[in-house]
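The chain contents come next:
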Amino acid sequence: MSATKLSMIIATLIGIPLYFILTPNDFLLYFGVPAIIIVNIIRIVDTINEEKYKLN
């Protein structure tokens, strides 16, 4: 399983309980934005690694 899929699964599993615990503004501030940034960074790194291995 790629790191991108794994990070999205983990973010979803953590986010569902937090969605019901936190207020909507707190959820977006403390979980939503950081989760989006982290998943996108992992996706970028994964893409760079795939391109690196395709060249070799």
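Attention here is on the structure that accompanies the text. (Residues numbered from 1 in each chain as written. Predicted model: local features only at pLDDT ≥ 70, side-chain atom pairs only at ≥ 80, totals over all residues. Heavy atoms only, no water.)

Some words on the overall build of the protein chain
Now for step 1: A tally of helices and strands in the protein chain yields 2 helices and 0 strands.
Now for step 2: Against the globule reference of 10 Å for 56 residues, the protein chain gives a C-alpha radius of gyration of 14 Å, more extended than a compact globule.
Now for step 3: Its C-alpha atoms give the protein chain principal-axis dimensions of roughly 50 × 20 × 10 Å.
Now for step 4: For the protein chain, buried positions account for 18% of its 56 residues.
Now for step 5: Carbon and sulfur atoms form 72% of the exposed surface of the protein chain, whose accessible area is close to 4700 Å². (Helix = DSSP H or I, 4+ residues; strand = E, 2+ residues; numbered from the N terminus. Rg over C-alpha atoms; globule rule 2.2 N^0.38 Å. Buried < 20%, exposed > 50% of the residue type's maximum accessible area, 1.4 Å probe, protein only. Areas by Shrake-Rupley, 256 points an atom, 1.4 Å probe, with all protein chains shown as cover.)

Focus: the environment of Leu-28
Now for step 1: Summarising the element assignment, Leu-28 is placed in helix α2 (residues 24-55).
Now for step 2: What makes Leu-28 exposed here is its relative accessible area of 52%.
Now for step 3: Along the sequence, Leu-28 and Ala-11 sit 17 residues apart, while their C-alpha atoms lie 13 Å from each other.
Now for step 4: Not counting chain neighbours up to four residues away, the residues in contact with Leu-28 comprise Val-33 and Pro-34. (Contact = heavy atoms within 4.5 Å.)

Section: the packing of aromatic side chains
Now for step 1: Scanning the entire structure with this criterion turns up 3 aromatic pairs.
Now for step 2: Centre to centre, the rings of Tyr-19 and Phe-20 are 5.4 Å apart; their planes meet at 80 degrees, and the pair counts as edge-to-face. Across this residue pair, the class does not change: Tyr-19 and Phe-20 are exposed.
Now for step 3: Seen in terms of ring centroids, Tyr-19 and Phe-27 are 5.6 Å apart; in terms of plane orientation they differ by 85 degrees. Their pairing is edge-to-face.
Now for step 4: Owing to a relative accessible area of 53%, Tyr-19 belongs among the exposed residues under this scheme.
Now for step 5: Given the relative accessible area of 17%, Phe-27 is considered buried. (Phe/Tyr/Trp six-rings, centres within 6.5 Å; stacked < 30°, edge-to-face > 60°.)

A few points about the side chain of Asp-46
Now for step 1: For Asp-46, the location among the structural elements is in helix α2.
Now for step 2: The charged side chain of Asp-46 is buried without a salt bridge, its nearest counter-charge being Arg-43 at 7.6 Å.
Now for step 3: Apart from residues lying up to four places away in sequence, Asp-46 is in contact with Ser-2 and Thr-4. (Lys, Arg positive; Asp, Glu negative; His and termini not counted. Salt bridge = Lys/Arg side-chain N within 4 Å of Asp/Glu carboxyl O.)

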